[in-house]
Every structure is written in structure tokens, then in C-alpha cells.
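Analysis of the macromolecular model
What follows is each chain in one-letter form.
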Amino acid sequence: MATAIEDSMPTRDFVTIAACVVGLLTGIGVVLFNNAVHEIRDFFWDGLPSRGASWLREEPFEEVWQRVILVPVCGGVIVGMLNSLRSSLQAPSEGMLSNLKGALRPLLKAIAASVTLGTGNSLGPEGPSVEIGSAIAKGVGHVFEWRGDKRLSLIASGSAAGISSGFNAAVAGCFFAVESVLWPSPADSFSSLSNSTPMVILSSVIASVISEIGLGSDPAFTVPEYDFRSPSELPLYLLLGILCGLVSVTLSGCTSFALEVVDNFQRTTGITRAIFPALGGLTVGLMALAYPEVLYWGFENVDILLESRPSVDGLPTGILFQLVGVKILATSLSRASGLVGGYYAPSLFIGAAMGMAYGKFMRSTLCGPNPLFHLSILEVASPQAYGLVGMAAILAGVCQVPLTSVLLLFELTQDYRIVLPLLGAVGLSSWISSSQSKKRDAADKLDNFKVKGNSQQPKDPLYQSQGVNYLAVSAEASDTADLCKIESSLCVYDGSDEVRNLAERMTVAQAMKTKYVTVLMSTAIVEAVTLMLVEKQSYAVIIDENGSLVGLLELEDIQNFSRVARTRVMQNEVDRILVSDICHLKGNNCKVWTATPDMTVLTAERIMDAHGVNQLPVVSEHIKRRQRRVLVGLLDRECISIACSAAAAKEFLGN
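Fair warning: this is a prediction, and the values are worked out from it, not measured in the lab.

1. Quick notes on the packing of helix α6 (residues 149-167) against helix α7 (residues 170-182)
Where α6 contacts α7, the two axes come as close as 7 Å, and the packing angle between them is 140 degrees. As judged from the angle between their axes, α6 and α7 are oblique. The handedness of the crossing between α6 and α7 comes out as right-handed. Between α6 and α7, the residues in contact are L152, I155, A156, S159, A160, I163 and S164 and A170, A172, G173, C174, F176, A177, V181 and L182, respectively. Each residue belonging to the contact of α6 with α7 can be placed in one class, and the counts come to 12 nonpolar, 3 polar and no charged.

The structure is reproduced here in C-alpha cells:
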């Protein structure tokens, strides 16, 4: 039936219609999810105000402490049981049972997220909203057995729909799909982006409309009144961006540390995983006794921080700074314990607290009745302006989606004046957090490497002479893995699960090509170009007289040399230009990163990604220490794509 429908219209049109259906279903799913969160919150917090958790500061301690502790714990108990049930569905099965399990797992995760949030635990709903959209997209793709670009476009559409309906911000949803799905995908970036753009836009718009119908047209949080005084305060926003970057690093590092501690504790004690969500809920409840704002209460708590509700008093600067640290701790423990939710809402909360505290501090320091420093040329804007910028800066730093963060705040404020401070703060925060994460991952890898006595470092002279930085490659992969652990909705598409699994199982020897252009250092460059033209290849492997690898010559190298030498070399001298001349001009003698036949294709791809190359010569690893590197093949991205596609087709046919 599905095949008949697909064959009745052009493929691109059919995939676009499918993306619209994904947007529609995602919008409905997110509406149901948010309504479930509200119903659960009303059930557990029956009779309590809905104006945010700060009201608990006004209540007598003896009247509320039991509920503040027990409600998050009850949520943790339920989530623990749901997690155990979801884990039991991971067991392999076949046929309809496998499809049923595949549909139940995301459903159970969404229910667990609604219970987590409804009982006030310190996570957010936008991550689960994205996962709802991606799960629907994967389901539609599975029905029509779509892979590659079609599947990528659908998942991008589902992710855009999730953010669009979660924040009621269609433009931000589109950019989120580009940053989190399309750009990181291994497919051709320009092709995937151009083909998916209409689908992402339509899906995002449809989901936003459904969200407005089901949840109302109000934005996720109330934008306060704020002002901008003068361009002279831009350095203050840049300083805020630096501070937000450091806070983002702290949140990410604290979460990674908490995850590691919980994993080690569970392995050491053998305690079942089902207990940990209840312990996480207990921790959140105890923190909420002193800082009730850490409880998830929709975005009402963010409204209180931004002082966008006139009936509620704002919090003093000291409390705001304390909330930044407490919220980081509560969110990290919630994630590590197994509670289910996203990091977008906590990031926005932390950013609002940080920005408001910073704005109040700067205003009292520079423009207060008794300023510590008086600068006549500097007028400090209202703290709300810094609060809004801080929200975007923390979101960009933690989740590494800077464009989405800027567009989200701009879409909600609809104020062009905020763009320049936003761009500066978000850019600095994202840069600091990403660079610090890579340094931390590389240091962790180096520590592990030293502890294990260098047992994982290949001792083959091939690796030493080439200087392949396997720690850097591992750090790149670890950086991505850590981000996925913190916010799983950022990794809803990892280059097709099936192809990835094949790349993990397939060796380089199975994917490499054995026919390629080879040249010597003494080969004339005209002859090298002719060989490339005949074989329709953009590179040639440089070997010596014994057939051992020397380096790699790319057509781009020849073109760059031609531009430099055009005014210096006479036409009758062109035939005398050798491959060695070009390699000498490059300054590295055309040295190249290499792979070995027994290496997995996935590892080879990571080496390519880490060093920005598209092909790796394959050299034998069974060589003696004083011998040269024996060339046995060549691996490029086209080889990998063809080999994985052929292997997937072979598995599908059952051969």
C-alpha cells in the first residue's frame, strides 16, 4: 500500500508531503505531551498556585516541606519503573514484535518525561518534544523504507517541528534542524540542506500552528519590558557572554562528572538502575526547600527571574547568583539519576538568573546611587535586557546551537536592537564552551592513555612517522558523545543508524579501492594531471621506486601551484615542473594521514573528519621497523558510501 502511494507521484513531492504529515503529527504529539505534564502537575500539586515555585518562600515551612520532598521522589519512582520497562524492550526481536517495541520505546520515554516534569524535577520539555518529532519521522521513514537523504530530511523536519511547537517559534525550529541535524550529517552538506529546506519550513510552520491551536498563541515565556541605552555598553554584553561561556562549561562538566559518578557507583554496588531516579527526585526536593525555583514549573519560574509579572517581586542579586549554582547541581543530578527531560529549559533558566544578576550588579556598580565606578559615557540598560541575552548565551554554550539561540530570542522579542548584543554574547559563549570542552576531552583521553601505560597507542613506526594524533580523533568523538549524553535531542540523527552500524563492523580492507593513480616524486606534473584526467580522479598517490607510500598529491595542490607560478614560469618550462616541486611549495612534502586494512571504517571516517581530508592511503600494518610503508589501497568517502550501501542492500536481500 505504501509503495503504491509513493509510486503515484514524484518522489520529492511525496517526501515533502510526508514531512508535512510529520509536522502535523509532531504538533499533536507535543500538545498532548504538554497537556500531560500540566495534568500530572495539577494532580500532584493539587490546590497549589500556578504562578511559579517562588510562592513557596511565602508559605510556612512546616506546611509544605513534605510535599516539596515527596512529589519529586514519587515522580522518580514512576520514572524508574518506566525506564526499566523501556530497557526490557531493547532485547532483539523480529517481525511485528520488533516494530511494536520500536514504537513503544519512544512512547514510554515521552511518558517518563511528562512524569519527570509534572512532579517538578529539574529538567525541561523541549528536548522530549524534539525526540517526539524525530520518533514520528523515523516511524514514517520506516513505513516507506526510506534511507539516506529522504530519511535525513524527515528527521530534520521532525526536529524542527519539535522546537517550533515547543517554543511556539517556527523560525528558530528551522534553524535548529539545520544546526543539529543537517550540518552534522555525513551527507553532502549543500545537497542535504537545499533538498531539505522546503520540508523543514513546512513541517515547522504546521507544527507551530497546531501548537497555537492546542496550547495557545502566547510565547513560551513572557518577554519583559526592557531597554537599551547606548552602544557604549556593548562591552558589558561581551563580558556577559564570556561569563555565560564559563557557566556553560561548568554545567556540561558537572553533568559529565555526575554521570560518571553514578555509573561507577552503580557498577561498584550493583544497585538496580530503577532506584536512581527516586534518589534524584529526593535530591531535587531537598534543594527546593531552600531554593524552590529549581523545581520545574513551566516557564513561570523564568518569568519570575525576569520580573515580567508585576504581581511578583523580583529576587535580589545574591539569590540570583546562588540559583545559578543550585540549578546547575540540580539539573546535573536529575540527568545523571535517569530522570527524563531536556536541557533547553534549564539552560534558559540559568541564563536568565545569570543575566539578571549580572545586570543588577553592573547597574548598582556603575549607575547606582553610590556607584563604585562612575563613567559618564556609560549608561547601563535594565537588568531584563541582560537576562534575555544571558538566556540565549547559556543555551548556545550548553547545547551548541548559536544560530538557534539568536533566532529564538529575536523571534520572541521581535526587537532588532537586541540582535547586536545577542550575536556578541552568543558567539563568545559558544566559542568558549566548545573550545573548553575539546580541551577537557583531550586531557581526559591523555590521562587515560597514561594510566593504561600507553597500551592503546600503536607502536608501529607507521603511526609514529605520520604523527597521527589518535587522542585528538578520540577527543572529537568524545566531544560529540558528551553532548549527546547531556542533550540526546541533539543527536536524533547520527548518519543513519544502519549505515553507522555497518561502518563499525566493516574494515577498511573491505571498503578500500585497489585501483588508483600513482606517481613518483620525479614525475612531470603534466603527466600527473593527464593520469588524473584519464582515471577521472582528483588526486594521485605518491610512491617511491619500491611501491612504498610517500604522500598524496591533490588536484587542488596543482591549481594553487599554477596560480603562484603563472607569472614566474615560462611556457617552455612547464614540462620541467615535477611533483616534488609542488610538494616542496606546500611545505609538508605532501605528507598524508593513513589508515590500515584492519581498522574499522568508522575509525577511518573519524580520522578524515578530525583532519579535514576526504581520502586516506591504506598501508600495511605488518611491516618491520626499518621498512618503508607498503601501500595496499586507498579509501575515500565515495568508497565508504558505496561499500556501506552495498552491504546494507546485501543484508536486506538476506544474502
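We are not done yet, so read on.
2. So, the pattern of salt bridges
Taken as a whole and assessed by the stated rule, the structure comprises 4 salt bridges. For the salt bridge of E307 with K360, the shortest nitrogen-to-oxygen distance reads 2.6 Å. Of this pair, E307 sits in the loop between α11 (300-306) and α12 (317-337) while K360 sits in helix α13 (residues 344-367), and the two are 53 residues apart along the sequence.

3. Some points on the UniProt feature "transmembrane region" (unreviewed entry) in the protein
The feature "transmembrane region" (unreviewed entry), as annotated in UniProt, sits at residues 14-33, 236-259, 271-291, 342-359, 385-410 and 516-534 in this numbering. The span residues 14-33 shows a helical share of 100% and a strand share of 0%, and its end C-alpha atoms are spaced 28 Å apart. What you have in residues 516-534 is 53% helix and 11% strand, and the ends, taken at the C-alpha atoms, are 11 Å apart.

4. As for the packing of aromatic side chains
According to the stated counting rule, one finds 8 aromatic pairs in the structure shown. The interplanar angle of 50 degrees and the centroid separation of 6.3 Å between the aromatic rings of F167 and F299 together place this pair among those described as tilted. With F167 in helix α6 and F299 in the loop between α10 (276-290) and α11, the pair connects residues that are 132 residues apart, well separated along the chain. F299 shares its class with F167; the two are buried. Among the aromatic residues, those joined into a cluster by ring pairs are Y237, Y358 and Y386. Stacked on the ring of F349, the Lys or Arg K327 has its end atom at 4.8 Å from the ring centre.

5. Thoughts on the sheet that holds strand β2 (residues 539-543)
To summarise the sheet geometry, strands pair through backbone hydrogen bonds and adopt either a parallel or an antiparallel arrangement. The strand order β1-β2-β3 describes an open sheet built from 3 strands, whose pairing is mixed. Lying at the two open borders of the sheet, with one neighbouring strand each, are β1 (518-519) and β3 (549-554). The pairing of β1 with β2 spans 2 bridges and is parallel. Looking at β2, one finds that T518 is bridged to V541.

Rules of the game
- Per-chain numbering applies: the sequence of each chain, read as written, is numbered from 1 onward.
- In view of the model being predicted, local features appear only for residues whose pLDDT reaches at least 70, and side-chain atom pairs are presented and counted only at 80 or more, with totals across whole chains, interfaces and linings using the full set of residues.
- Only hydrogens and water are set aside when side-chain values are computed; all heavy atoms of the structure are taken into account.
- Axis definition: a line fit to C-alpha positions, over the contact stretch in the case of helices; interaxial angles, taken between N-to-C directions, run 0 to 180 degrees.
- A run of H or I in DSSP becomes a helix once it reaches four residues, and a run of E becomes a strand once it reaches two; helices and strands are each numbered from the N terminus.
- When an angle is under 35 degrees it counts as roughly parallel; over 145 it counts as roughly antiparallel; between 65 and 115 it counts as roughly perpendicular; any other value is oblique.
- Left-handed describes a crossing in which the near helix is turned anticlockwise from the far one by less than a right angle; the clockwise case is right-handed.
- We call two residues contacting when some pair of their heavy atoms lies within 4.5 Å.
- Under this grouping Gly is polar, as are all residues other than the nonpolar Ala, Val, Leu, Ile, Met, Phe, Trp, Tyr, Cys and Pro and the charged Asp, Glu, Lys and Arg.
- Salt bridge, as used here: a side-chain nitrogen of Lys or Arg that lies within 4 Å of a carboxyl oxygen of Asp or Glu.
- UniProt positions are given in the numbering used here, feature names are shortened, and annotations may be inferred rather than shown by experiment.
- Side-chain rings of Phe, Tyr and Trp, where Trp is taken by its six-membered ring, are said to pair if the distance between their centres is within 6.5 Å; with planes under 30 degrees apart they count as stacked, over 60 as edge-to-face, and otherwise as tilted.
- Residue burial is assigned from relative accessible area. The probe radius is 1.4 Å, only protein chains are included, and a residue is buried under 20% of its type maximum, exposed over 50%, and partly exposed in between.
- Ring-over charges, as used throughout, are those where CZ of Arg or NZ of Lys falls within 6 Å of the ring centre and within 35 degrees of the ring normal.
- Strands pair, by our definition, only if DSSP identifies at least two bridges between them.

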